[in-house]
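# Residue-level structure breakdown
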Amino acid sequence: MLIRLLAAGTRLPSWVASGYDEYAGRIGPEMRLELVEIAIARRGRNADIARLRADEGRRMLSAIPPRMHVTALDLRGRAMSTEQLARWLSDRLGDRRDVALFIGGPDGLDPACLDRANSTWSLSPLTFPHALVRIVVAEQLYRAQSLLKGHPYHRA
């Protein structure tokens, strides 16, 4: 199964790529994590944020095939424990559908991305920098997969 992580932001600090690569590389062959970076337009003093966010959303939506299961990371989404995420992941593996995960930029996701989503996922009621979310998502997917495999990584 392919999980395509569509994340707003490019040219991020090296620690972001390093952290993401660490966990993405641990994920086994039955689940491949692919990062697709969506450029964020520069926000000037008088920028039309809604227009810029809509443009980012169009680029995210164009990067996924129609049959993909889409989950948007959103503050108002469903919070899941590691065990619940593992069950969600198991269900996706059983569906035999690839998955797209949308991570918005500093101004969030465009409403069109939320409308297209089959589900929403909240990592926390806290707001995280969009770059950090990549690492957290990769680690949580690895953790959920290791739980499904009976690997001792998850010890909670």
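Residues numbered from 1 in each chain as written. Predicted model: local features only at pLDDT ≥ 70, side-chain atom pairs only at ≥ 80, totals over all residues. Heavy atoms only, no water.

## What to know about the overall build of the protein chain
Helix and strand counts for the protein chain stand at five helices and five strands. For the protein chain, the α and β elements follow one another from N to C terminus as β-α-β-α-β-α-β-α-β-α. Computed over C-alpha atoms, the radius of gyration of the protein chain comes to 15 Å, within 12% of the 15 Å expected from 2.2 N^0.38 for 156 residues, which places it in the range of a compact globule. Its C-alpha atoms give the protein chain principal-axis dimensions of about 50 × 35 × 30 Å. Residues classed as buried in the protein chain amount to 45% of the 156 residues present. Counting only contacts in the protein chain whose residues sit at least 6 apart along the sequence, the fraction spanning at least 24 positions is 83%. (Helix = DSSP H or I, 4+ residues; strand = E, 2+ residues; numbered from the N terminus. Rg over C-alpha atoms; globule rule 2.2 N^0.38 Å. Buried < 20%, exposed > 50% of the residue type's maximum accessible area, 1.4 Å probe, protein only. Contact = heavy atoms within 4.5 Å.)

## Things to note about the side chain of Asp74
Within the secondary structure, Asp74 sits in strand 3 (residues 69-79). On the basis of relative accessibility, which here comes to 14%, the residue Asp74 falls in the buried class. Not counting the four nearest positions on each side in its chain, Asp74 is found in contact with Leu114, Trp121 and Ser122.

## What about the nonpolar core?
In this structure, Ile3, Leu33, Leu101, Val137 and Leu141 are the most contacted members of the largest nonpolar core, which totals 27 residues. Listed by contribution, the elements that provide at least two residues to this core are strand 1 (2-8), helix 1 (14-26), helix 3 (82-95), strand 4 (99-103) and helix 5 (130-149). Looking at this core element by element, the count peaks at seven residues for helix 5. The contact partners of Val137, leaving out residues within four places of it in the chain, are Leu5, Leu73, Leu101, Ile103, Trp121 and Leu123. Judged by nonpolar contacts, the second largest core, of 14 residues, contains Leu2, Leu6, Ile64 and Leu109. (Core = buried A, V, L, I, M, F, W, Y, C linked by side-chain atoms within 4.5 Å.)

## Observations concerning unusual backbone geometry
Located in the positive-phi region is Arg11, a residue other than glycine, with phi close to 50°. Take Arg11: it is sitting in the loop between strand 1 and helix 1. Residue class for Arg11 comes out exposed when judged on its relative accessible area of 81%. The residue Arg96 is not glycine, and still its phi comes out positive at about 60°.

## Digging into the environment of Leu148
Position of Leu148 among the secondary structure elements: in helix 5. Considered as a pair, Leu148 and Phe128 are 20 residues apart in the sequence and their alpha carbons are 27 Å apart. If sequence neighbours within four positions are ignored, Leu148 has contacts with Ala86, Leu89, Ser90 and Leu93.

## As for the pairing of strand 1
Remark: a regular strand shows side chains that alternate across the two faces of the sheet. Along strand 1, seven of the seven residues are buried, which leaves the element largely enclosed by surrounding structure. Here strand 1 shows a buried face lined by Leu2, Arg4, Leu6 and Ala8 and a second buried face lined by Ile3, Leu5 and Ala7. With seven bridges connecting them, strand 1 and strand 2 (residues 32-38) associate as parallel partners. Considered in strand 2, the bridge of Ala7 is made with Glu37. Note that the unit made of strand 1, helix 1 and strand 2 has a crossover that is right-handed. Pairing geometry for strand 1 and strand 4, over five bridges, is parallel. By the bridge assignment, Ala7 is partnered in strand 4 with Ile103. (Pairing = 2+ DSSP bridges. Right-handed = clockwise from strand over helix to strand, strands pointing away.)

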